[in-house]
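Spelled out, the chains give:
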Amino acid sequence: MKCDNGPAPVTKLWEIAPAWTVCLATTRNWHLSTCFIDLAPNSPVIFAFSVFKGQVLRKLRVTVLDLVTKGPTRRLFNRIMNANLASIMPQAIAVWCEELGHDVRFICYTGVEDLTSEVLHETDVLFVGAFTRSAQTAYAISNLHRRSGAVTVLGGPHARSYPQNAARYFDYVLGFTDKHIVEDVLRDPAPQRPLGLQLSAKRQPATVPGLRERWKFIEPTIAKSPFFKMVPMVGSLGCPYTCSFCIDSVVPYQPLPFDQIRDDLRFLLGKFRRPRVSWHDPNFGVRFDDYMNVIEEVVPSRRMRFVAESSLSLLSEAHVKRLARNGFDALLPGIESWYDLGNKSKTGIATGEAKVRRVADHVNMILRHVPYVQTNFVLGLDCDSGPEPFELTKQFVDLAPGAYPAFSLLTCYGQAAPLNLDLQRAGRVLPFPFHFLDSNHAMNVRPLNYTWPEFYDYAVDLTRYALSGARVRRRFLANRGVNTRFLNGVRAVSSGRAAWQAKIRRLLDKDVPIRRFFEGESDELPQFYANRVRESLGPLWKALPEGALMHDQNAYLKSQGGVPARSRRAAE
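All values derive from a computational prediction rather than experimental measurement. (Residues numbered from 1 in each chain as written. Predicted model: local features only at pLDDT ≥ 70, side-chain atom pairs only at ≥ 80, totals over all residues. Heavy atoms only, no water.)

Visitor: Account for the sheet that holds strand β17 (residues 372-379), naming residues and giving values.
Guide: Reading across the sheet, the six strands line up as β11-β14-β15-β16-β17-β18 and stay open at both edges, with parallel pairing between neighbours. If you trace the sheet from one side to the other, it starts and ends with β11 (230-233) and β18 (404-409), each paired once. Direction aside, the axes of adjacent strands within the sheet are offset by 25 degrees on average. For β11 and strand β14 (residues 276-279), the ladder comprises four bridges, and the chain directions are parallel. When the sheet's bridge partners are listed, Met233 is paired in β14 with Trp279. (Pairing = 2+ DSSP bridges. Helix = DSSP H or I, 4+ residues; strand = E, 2+ residues; numbered from the N terminus. Axes fitted to C-alpha atoms, helices over the stretch in contact; angles between N-to-C directions.)

This is the structure we're talking about:
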C-alpha cells in the first residue's frame, strides 16, 4: 500500500484476505491522504480511498453543476451577464469535496454551453445548485445520472423552497448546507428511492471558502463573460428585514469573518489590474462602518469596483458618498411597494404619491454619486388595488429617469417565505410549472384586488412605458459612463418581457383552458405551457421524469397539517 502523504509499508492484501474483503489499518496521522491498494498480483485495477479523521472513505468522482439559467439563451444581455450571476455555494461545495479527498469536476451553465455534453460524463455523485426556474432542467439531468448509477444531490433556493417535490427526483435534498452536511452525504452515498433524504444544518455556515480556495472554479466561469467580469464575494448571510415574500427574511442576519474578507480582497488585487466585485449579500451594508473599514484598509484608491444590493434605509448621502469614494459603481435598492415596507425604503409612514417623490429624490441623490442604479419593484402585492400603484410607478420612472426599473411578479416559492402559508391556506396559489417561476413568466398567486385581465392590462402598460423608446432615450441621457449606458440600453432593447405579458393577456381572452387554469378551476396544464417547456428543455425533455412537469403547489401547507381552501369559483 502506498500513501501520498509519505512512505508506508506495502501490504499485499491478496495474501491476507479474500478478494471480497478489504481490511485497511489507519493511523491518527493519516489525514486527507489518498491510498492506492493493489488487490492482486499484476492486477490493473486500482481503488482510491481517502482517509479523513481516521475513517477510510472511497475516493469519489464528484460533479458540481451550477445552473445559472434553465436553458439556452439568445438574449444579448444574458449572454453578457449570466456568467457573472454564478452562485457562491456550488463553488464552496466543490472546495469542500476536494478537501474531503475527492476528485471534482465543476460546471457553471450560463445558457451558451451544450449542457447535455457538459454533464454526461462518468460521475459517482452529482451536486446540482438550482433556482426554482431551473428545476425541470435539474430533474432531467438528475434522472440521466441516476440511470447510469450516480447518486444525485440538490441544493440551492429550489431545494429550500420545494424539498418535498425535489426529493422525488434527487437522492439527497439539502437545506442549509455546511461542510459537515457535505461530508455526511459523501461518507456513504447511496441511492434513496422512492424519496430522497432531506438534510439540513441548523443554520447557515459560519464561514464559506474564500476566493483563494474557490478561484480554480471562479476563473473559468468569469472567463465566459465577454465584456464585464464580476467576481462573487459575500460578507454576510440572512437579512434583518422581514419582507413577508422574501426567502432571506426568515434567515437570521449573520456577518462572515472580516479576516476572510480582508484575505479575499488582497488575493483579488493580485489577479486583476482593477477587478470588479459583486457582493452576494442579501442586504449589503447592515454593518456599514465595519465593512467599509475593511475595504478602505485593504484596497488602494481606484483599484477595485463593487456592485451591491442594499436598502434605501442604509443609503444615506454620507454612506453613498463613502461607497462612491471606494469604487461602488452600481447599487440595487429594493423599493418593492408604494404602500408597504416603508422601513426598508426609509420613507416611514409615507405612502402613495408622497412616497414616490421621496424615493425619487433619494434615488436621484444616489445617481449623483453612483452611475448605475437598479430599482426593484414587486407587482401584485395584496396592498395594491386599481390603477394607482402602476401609475405611481410610471411617475417614479419619470422623476428618476436614470434608474433602471426592474419589475417582479409576486411569486409564492413553496416554503421559502412566511407569506406562502397564508397564500396556500387561502387557495390562491396556482400549480404553474417551475420553469415559469422566475418572477417574470408567470405569477402563481391569484391577485387579491384584480381580475387576471385587469392585472395583465396594468402590468403590460407599465412595462411598455418603462421600456419605451422615449424612456430608454431619457435613461441614456441621464446616465453617466459608457458601461452604464451600454448595459441599460442592451437590457431594455433585448427585453421580451412586455411582449410575453401581452401574449398572456391575449390568451386569457381566447384560450379557455388557460383562463380556467389561471382562475383555479382546473389543475390541468394548458398545452401552451407544456409546449414551452418542451421547446426550452430540448434533448432533456425526454429525460424529464414522469410527473415532474407539475407539482403540488400546497405541499408546504400540507406538511404543516393544513388544508387549502377551495378555489373561488368552486366556493361559489
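Visitor: Tell me what's going on with the pattern of salt bridges, and back it up with residues and numbers.
Guide: Pairing of side chains with opposite charge becomes possible as their charged atoms draw close. Tallied over the full model, the rule gives 32 salt bridges. We note a salt bridge from Asp438 to Lys70, for which the minimum N-O separation is 3.6 Å. Of the two residues, Asp438 is situated in the loop between α15 (419-425) and α16 (452-466) and Lys70 in the loop between β5 (61-67) and α1 (76-81); the sequence distance between them amounts to 368 residues. Residue Arg266 is joined to Glu297 by a salt bridge in which the shortest nitrogen-to-oxygen separation is 3.7 Å. Taken together, the residues Arg266 in helix α9 (residues 258-269) and Glu297 in helix α10 (residues 288-298) connect sequence positions 31 residues apart. Relative accessible area serves as the criterion here: at 47%, Arg266 is assigned to the partly exposed category. Counted as one network, the salt bridges with shared partners bring together Asp259, Arg262, Arg266 and Glu297. (Salt bridge = Lys/Arg side-chain N within 4 Å of Asp/Glu carboxyl O. Buried < 20%, exposed > 50% of the residue type's maximum accessible area, 1.4 Å probe, protein only.)

Visitor: Can you lay out the confidence of the model for the protein for me, pointing to particular residues and giving the numbers?
Guide: With 85% of its residues at a pLDDT of at least 70, the protein reaches an overall mean of 87. Here residues 1-49 is a poorly scored stretch, pLDDT under 50, and it has 73 contacts once near neighbours within four places are set aside; other chains count. The low-confidence segment residues 567-572, where pLDDT is below 50, has seven contacts with residues more than four positions distant or belonging to other chains. (pLDDT = per-residue confidence, 0-100. Contact = heavy atoms within 4.5 Å.)

Visitor: Which residues make up the environment of Val286, and what values go with them?
Guide: The residue Val286 is located in the loop between β14 and α10 in this model. Spatially, the C-alpha atoms of Val286 and Ser313 are 9.8 Å apart, while their sequence positions differ by 27 residues.

Visitor: Let's hear about the pairing of strand β8 (residues 151-155): which residues, and what values?
Guide: Counting buried positions along β8 yields five of five residues, so the element is predominantly enclosed. Here strand β7 (residues 125-130) runs beside β8; their pairing, made up of five bridges, is parallel. Within the sheet, the bridge partner assigned to Val128 lies in β8 and is Leu154. In this view, the connection linking β7 to its parallel neighbour β8 by way of helix α4 (residues 135-147) has right-handed handedness. Bridge analysis of β8 against strand β9 (residues 172-174) gives two bridges, and the strand direction is parallel. Paired with Val153 across the two strands is Tyr172, which belongs to β9. (Right-handed = clockwise from strand over helix to strand, strands pointing away.)

Visitor: Give me a nonpolar patch on the surface: which residues, what numbers.
Guide: A surface patch of nonpolar side chains, about 340 Å² in accessible area, is lined by Phe227, Val482 and Phe486. Within the element layout of this structure, Val482 appears in helix α18 (residues 482-493). Taking the relative accessible area as the measure of exposure, Val482 reaches 68% and is therefore exposed. (Patch = residues over 30% accessible without salt bridge, like charges linked within 9 Å, V, L, I, M, F, W, Y side chains within 5 Å. Areas by Shrake-Rupley, 256 points an atom, 1.4 Å probe, with all protein chains shown as cover.)

Visitor: Describe the packing of aromatic side chains, naming the residues involved and giving the relevant values.
Guide: Summed over the entire model, instances satisfying the criterion amount to 36 aromatic pairs. For the pair Phe432 and Phe517, a centre-to-centre distance of 5.1 Å together with 85 degrees between the ring planes defines the contact as edge-to-face. Of this pair, Phe432 sits in the loop between α15 and α16 while Phe517 sits in helix α20 (residues 512-518), and the two are 85 residues apart along the sequence. For the pair shown, Phe432 and Phe517 are each scored as buried. The ring of Phe131 carries Arg133 above its face, with NZ or CZ at 4.6 Å from the centroid. Over the face of the ring belonging to Tyr465 we find Lys394, whose NZ or CZ atom lies 5.2 Å from the ring centre. (Phe/Tyr/Trp six-rings, centres within 6.5 Å; stacked < 30°, edge-to-face > 60°. Lys NZ or Arg CZ within 6 Å of the ring centre and 35° of its normal.)

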